[in-house]
Amino acid sequence: MNSLRHRRRSVIGLSVLAPLITLASCSSADDSASAAVPSPGAKVTGLCRNLDKVLPSKVDGQGRRDPEPASALTAGWGNPAIILRCGVVRPAKMNDPEADGVEVNGVGWLLQKQDDGSFRFTTTLRKAYAEVTIPKDRTGDGLAPLVDLAKSVKKAIPAGIAD
C-alpha cells in the first residue's frame, strides 16, 4: 500500500510539473532586439558591409549582440540594445535648418529625440547614412556610443554626400 501512495504522489508531482515545464519552454528566454534591415543600393550596401567588418566588439562597455534578423547592415550592443542600421534613407529632418546636430570625433550626426525617450543619431556628410538608436534606459551615457563608433564610421564610410 505504501508503494501505491508513493507512485500516486509521483504521478501527481509529474502532472503538476508537466504544464510548468511546457510553459517555461514556450516562454521566450531570448530577449534579443529586432531591427528593420535597410535595403540600399549596391554601392551603399558595399560601404555598410565594410562598416560591419570594422565595428567595435564593445560600444559603451557593452558587448556586441546583433539584432534579428541577422544582417551585415545592422548591429547591436548590450541590453537594452544600442542599434546601428547602415544604409538607411536620408531623414527628412536633415532639410530642417533648425535640426539639432553634434560632431563626435570627426563624424557629424543628426540628433532626433524619439517619442519613447530614446535618441536616434544619423550620420551626416557621409556616402552612406548610418543610424544609431540609443534606448531611453541608456541615454544617461551621453554620446559615449558615438565616440566608440566614430572611428569605424570614418574608416568604412567616406565623407561626402550620399547618392
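Here the structure is shown first, and the text comes after it.
Residues numbered from 1 in each chain as written. Predicted model: local features only at pLDDT ≥ 70, side-chain atom pairs only at ≥ 80, totals over all residues. Heavy atoms only, no water.

**Student:** I keep staring at the packing of helix α2 (residues 42-54) against helix α3 (residues 144-156) and nothing clicks. Help me out?
**Tutor:** Packed helices, taken two at a time, are described by the angle their axes make and the gap between the axes. Two elements in contact, α2 and α3, have axes whose closest approach is 9 Å; the angle formed by their N-to-C orientations is 140°. The pairing of α2 with α3 is recorded here as oblique in orientation. Judged by the sense of rotation from one axis to the other, the crossing of α2 with α3 is right-handed. The residues of α3 that touch α2, namely those facing Leu47, Asn50, Leu51 and Val54, are Ser152, Val153, Lys155 and Ala156. Residue composition of the contact of α2 with α3, by class: five nonpolar, two polar and one charged. (Axes fitted to C-alpha atoms, helices over the stretch in contact; angles between N-to-C directions. Helix = DSSP H or I, 4+ residues; strand = E, 2+ residues; numbered from the N terminus. Parallel < 35°, antiparallel > 145°, perpendicular 65-115°, else oblique. Left-handed = near helix turned anticlockwise from the far one by under 90°. Contact = heavy atoms within 4.5 Å. Nonpolar A, V, L, I, M, F, W, Y, C, P; charged D, E, K, R; others polar.)

**Student:** Would you explain the nonpolar core in this entry?
**Tutor:** Where a protein is soluble and globular, its nonpolar side chains tend to be buried together. In terms of nonpolar packing, the biggest core is built from 26 residues, with Leu51, Trp77, Leu84, Trp109 and Val132 touching the most fellow members. Of all the secondary structure elements, the ones that give two or more residues to this core are α2, β3 (74-77), β4 (82-86), β6 (107-113), β8 (130-134) and α3. Sorting elements by how many residues they give to this core places α3 first, with five residues. Other than its neighbours up to four places away in sequence, Leu84 contacts Leu51, Leu55, Leu73, Thr74, Ala75, Trp77, Glu131, Val132 and Leu149. Among the nonpolar cores identified, the runner-up in size contains five residues, and Met94, Leu110, Tyr129 and Ala162 belong to it. (Core = buried A, V, L, I, M, F, W, Y, C linked by side-chain atoms within 4.5 Å. Buried < 20%, exposed > 50% of the residue type's maximum accessible area, 1.4 Å probe, protein only.)

Shape descriptors only; they carry no functional weight alone.
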